[in-house]
Amino acid sequence: MVFRTRGLCKTYVVGEVRIEALRGVDLELYAGELVVLLGASGSGKSTLLNILGGLDTPTAGEVHYFEHDLGHADDRELTRFRREHVGFVFQFYNLIASLTARENVAIVTEIASRPLTPERALALVGLTGRADHFPSQLSGGEQQRVAIARAIAKNPDVLLCDEPTGALDSQTGLLVLEALDRVNHELGTTTVVITHNVVIAGMADRVIHLSDGRITGIKRNLERRPVQELKW
Amino acid sequence: MVGLHMLDRKWLRELWHIRGQALAIAMVIAGGIATWILSYSTIDSLNYTQAGFYRSTHFADVFAGLKRAPLAVAERIRGIPGVARVDARVAAPVNLEVPGFGEPVSGLLLTLPQSPGAPNQLYLRRGRLPAADEDSTVAVNESFADAQHLKPGNTLYATISGKRKLLTIAGVVLSPEFVYLIRPGDFFPDYKRFGVLWMNRRPLQAAYGMDGAFNDVVLKLAPGAAPSAVIARLDAVLAHWGGTGAITRADQTSHHYLMDETRQLQTQAMIVPVIFLGVAAFLLNVVVSRLIHRQRMSIAILKAFGYGNLSIALHYLKLVTGIVLVGGVIGIAAGAWLAHGLSNIYAEFFRYPYMHYVLKPGVALTGLIASALAAYAGTLASVLRAARLPPAQAMYPETPPVFHETLLERAGFKRLLSQAGRMILRHIARQPLKSALTLLGVALACAIVTLSGLFHDAVNYMIDVQFNRMRHADLTVTFTDTASSRAIAELKSLPSVVGVEPLRAVPVLLRNEYRSYRTALQGYVPGGRLNELLNVDLHSIRLPRDGVLLTDYLAARLGVAAGDRLQVDVLAGARRKFSIPVAGVIKEYAGANAYMSLAAMQRVLPEDPGISGAFLRVQPGTLEQVYAELKRRPKVAGVTIRAVAIHSFHELMAQNILIYATVMLIMAGTIAIGVVYNSTRIALSERAFELATLRVLGLTHREIAYILLGESALLTLLAIPAGFAIGYGFAAYLAQALASALYRVPLVLEAPTFARAALVVLAAATVSSVYVYQRLGRLDLVAVLKVRE
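Residues numbered from 1 in each chain as written. Chains lettered and ligands numbered in written order. Predicted model: local features only at pLDDT ≥ 70, side-chain atom pairs only at ≥ 80, totals over all residues.

Visitor: In this structure, what is going on with the interface of chain A and chain B? I would like to understand it.
Guide: Every contact between the two is made by 25 residues of chain A and, on the other side, 23 residues of chain B. Every element with two or more residues in the side of chain A that touches chain B is listed here: helix H1 (45–52), helix H2 (75–85) and helix H3 (101–109) of chain A. For the side of chain A that touches chain B, the residue count by class is 13 nonpolar, 6 polar and 6 charged. (Contact = placed C-beta atoms within 7 Å. Helix = DSSP H or I, 4+ residues; strand = E, 2+ residues; numbered from the N terminus. Nonpolar A, V, L, I, M, F, W, Y, C, P; charged D, E, K, R; others polar.)

Visitor: Where do I start with the sheet that holds strand S8 (residues 190–195) of chain A in this structure?
Guide: The strands making up a sheet associate through hydrogen bonds between their backbones, and the pairing can be parallel or antiparallel. All names here are of chain A. Here 6 strands make up an open sheet; going across it, the order is S6-S7-S8-S3-S9-S10 and the pairing mixed. Two strands close off the open sheet at either side, each with one partner strand: strand S6 (86–89) and strand S10 (214–220). In this sheet, adjacent strand axes meet at a mean angle of 20° when their direction is disregarded. Relative to S8, strand S7 (residues 158–162) is paired through 5 bridges, and the arrangement is parallel. Within S8, the residue paired with Leu160 across the bridge is Val192. Where helix H5 (residues 140–153) meets the sheet, it contacts S6 and S7, and its direction lies at approximately 170° from that of S6. (Pairing = 2+ DSSP bridges. Axes fitted to C-alpha atoms, helices over the stretch in contact; angles between N-to-C directions.)

Visitor: How should I be thinking about the environment of Leu38 of chain A in this particular structure?
Guide: Residues and elements named next belong to chain A. Mapped onto the secondary structure, Leu38 falls in strand S3 (residues 34–38). By the C-beta count within 10 Å, which is 23 here, Leu38 ends up buried. Separated by 153 residues in sequence, Leu38 and Thr191 have C-alpha atoms that sit 14 Å apart. (Buried ≥ 20, exposed ≤ 12 C-beta atoms within 10 Å, placed from the backbone.)

Visitor: Looking at this structure, I do not really get the packing of H5 of chain A against helix H6 (residues 170–187) of chain A. What am I missing?
Guide: For any two helices packed against each other, the geometry is given by the interaxial angle and the distance between the axes. Residues and elements named next belong to chain A. At a closest axis distance of 9 Å, the pairing of H5 and H6 adopts a crossing angle of 15°. Taken together, the axis directions place H5 and H6 in an arrangement best described as roughly parallel. The two elements H5 and H6 cross, and the hand of that crossing is right-handed. Contacts between H5 and H6 involve Gly140, Gly141, Gln144, Arg145, Ile148 and Ile152 from the first element and Thr172, Leu175, Val176, Ala179, Leu180, Val183 and Leu187 from the second. (Parallel < 35°, antiparallel > 145°, perpendicular 65-115°, else oblique. Left-handed = near helix turned anticlockwise from the far one by under 90°.)

Visitor: Where do I start with the nonpolar core in this structure?
Guide: The tendency in soluble globular proteins is for nonpolar side chains to be buried side by side. All names here are of chain B. Counting 179 residues, the largest nonpolar core has Ala280, Cys446, Ala672 and Val761 as its most contacted members. The element that contributes the greatest number of residues to this core is helix H15 (residues 432–470), accounting for 16 residues. For Ala672, the contacting residues outside a window of four places in its chain are Val442, Ala445, Val760, Val761, Ala764 and Ala765. Listed in part, the 67 residues of the second largest apolar core include Leu150, Ile169, Leu197 and Tyr208. (Core = buried A, V, L, I, M, F, W, Y, C linked by C-beta atoms within 7 Å.)

Visitor: Is there a simple way to explain the domain arrangement of chain B in this structure?
Guide: How big an interface is tends to be stated in terms of the accessible area lost upon association of its parts. Residue and element names in this part refer to chain B. Entries for chain B in the domain assignment read domain 1 (60–258), domain 2 (431–464 + 646–789) and domain 3 (465–645). Computed from C-alpha atoms alone, the centre-to-centre distance between domain 2 and domain 3 is 48 Å. Each partner contributes residues to the interface: domain 2 has 14 residues there, and domain 3 has 13 residues. When residues of the side of domain 2 that touches domain 3 are traced back to their parent elements, those giving at least two are H15 and helix H20 (642–696). (Domains from an automatic or database assignment.)

Visitor: Mind showing me how you'd approach unusual backbone geometry here?
Guide: Apart from glycine, the bulk of residues carry a negative phi angle, and the bulk of peptide bonds sit in the trans form. Residue and element names in this part refer to chain B. Even without being glycine, His149 reaches a positive phi, approximately 55°. The residue His149 is located in the loop between helix H4 (142–147) and strand S7 (155–160) in this model. On the basis of neighbour counts, which here come to 10 C-beta atoms within 10 Å, the residue His149 falls in the exposed class. Non-glycine residue Ser496 carries a positive phi angle of around 80°. Tracing the backbone through its elements, the reader meets Ser496 in the loop between helix H16 (485–492) and strand S13 (497–512).

Spelled out as structure tokens, the structure:
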């Protein structure tokens, strides 16, 4: 078991408004699986991902990564956790504009303990020929695939993807999902994908539904559908 | 905010939101306005005070010295057309003994103004003027009285023509003739060791052997009279009586120094405010461009609602005006306060009875307008771009910035650089103008500190050259009248005196075609060890057998070089005229003199082979003894002691330089912090998204700080040598602009000055960086995942 949460709650206070983003989430994630977190906006899926990724801490409840208690870790420990174990893929790619594709990957491999080479990571997402291009010279889909290469290049234990196709058209989105699928298969990286796109659920081992800060259902796919068959 | 226009609320809130940066910029503007006011209101105050003091004391227009003339000659002078009032005086050099003060003090004893309408009236500060029938009471000048703690009723001894006389102080006075009081030949005033005293004519003429005669005359001219015409007539009258040539106010020592000080203020008046305002314009450009960039969406919405281009432009200009006004208020207050303080220092330094502080509204207003213009110039381009932004386009986020590999990387250094290093270089290269201006801003701060070291370093250098390399004599003696070579033998026979070299000084007018200069032609012994002359490379130079050596400043002023010939009109004795070759040019930082060998001088002036003074070297530890001995000799007019001169020099410089350096440090610090803080703060705002992303990817606080602060650190490090160069340039300009016949500031900047400049910049950069570093720790990582820049 990679992640385990018990009674996870998160409350934000914004001005005079109290927002209960998570209201008691119990969850287990297992090594090597690809999980899709499905939910409408405001359902709490991003908050859950942030806590799993060590970007945020819960207001109440427990969250463990193997034997590490992430719920009570300080900033230094969380930084180390992210540095050593987590790969992130963002909705808007978040590439560093001043670095080429290869360098965007290298900035992460420079600080990792057992990284892939940037070239290998880019090859995994099918971008070998674009390694020396700057983000402003790449299409949206290409930028997102560089982001995936960057996320996996440190050879993380988990890959957390927040709406990875949210800013892309469906055809480009499929290319990105293919890259994720391939990484999950070839490297065995535990992968969590957040989306509100129900179609994407088809490629997962398990699909977790969130609504109003609670898990409303967990479904195990008997068989993962190949990405090429997905359509939206 | 009730009743405020909606857009007005918006800019006020925005101003509050960027208050840290706005305040930093306002402080830079305040620095500009404050220094502007400081310079110009001090100049105004000095001029105003001077004019008032001169008027109320009937400060003379023409001054002349002579050997001796019967008082009847004064009547002839009164008859010269254009002369309104005349005071024919006796001026006697004296040695003074102040009870309880063991060191040598010299002085000038003058007759009191002859009538209430006579030129150069005294301004009474304390006590009273000597009554008409008093023979041993004097009035003393205030700077001397203050330095020696002398009060009315105190006594002191004066040795006049060898006769020791007890004098009682009746009053303490100020004179327009000695607003700036300096002993002839000195660099700097020494109030403790040089005083001016006034007494009744009867006792002074008796003591000095001037019965029914005078040896100094001052004239007040009628309105509209031409000084040159009066001087020509006056010189003709006095030629027969040993006149040494009349001068106007422009050549009168005190007035000349005052004018020089004003000129110096005027020279510096523009430099610093212009730097401040230039930096402010740049900072506003950076901050406002960034603000507008962030508000593209709001601008689009406002335009979509129907706000016109003009109201959008005005909106941002109001924000800028707000910052200028905050800076203006602080700057005017600080400038007036500082200028008031500076005027009082001046009133103390120069002896004015009062200081009329003037802050003309025009000066404050010009400063404010100049600041506003600089601010608008800095921001107009971005404001216009905002105003012209089509609403639809503004709704879309701007396309991602385009980066390229830098020249340095393409040149093969890429492999040596980490990804963070590449980011730093590419960011600097992407906006070369902005990077260059940031660098320039920091460099200017560094330059100001470098420049501020000039006076300290130059003065130390001048002391070194003047007292260590040139003047080796322990004592310099001047005689009341030219003496024969017997005087030298007499000095040599004094116990403890180990070396004596004679000197002679003759007043002359040097001429080369239409150029002329009045100075003293000095005769030394060639190869003398007690007062060396140095060539322009500061190597010892031997006086030639024939011909003169000229101070470099004088040679330039007369337009002559080695090998040329010069006309010499002697202004004393038989008033001979002769021509002489220029043998070479020497380096001197004070005065503008001509030197020749004593033997050659005696050849051209055979009728008067005397000497006018001597350089003395004494056995260590016997200075006081020798001095006491010299003071008793009637023919000795004055004695200068080298060690005392060096000491008083340092004393005076130490305090002045401290104040000056502190003010400069504050200014430079304001600029450096303003530039570094604003540029890193803007970089943080521009790159928060990217840096937070890197944090999410696992980079530590320190690693992203390196990426962000590395850029300003690199620019700061590059700015330091640039600042040294600019500071050196300013110093060269200032040294050039300040050069006068009285003194030349050598262009000398020592290593500690550069070190201090670098330290100030590094300290300012560190303070700003620590602040931004702490802000980096509060980056919101969660927001990064959702918000698109």
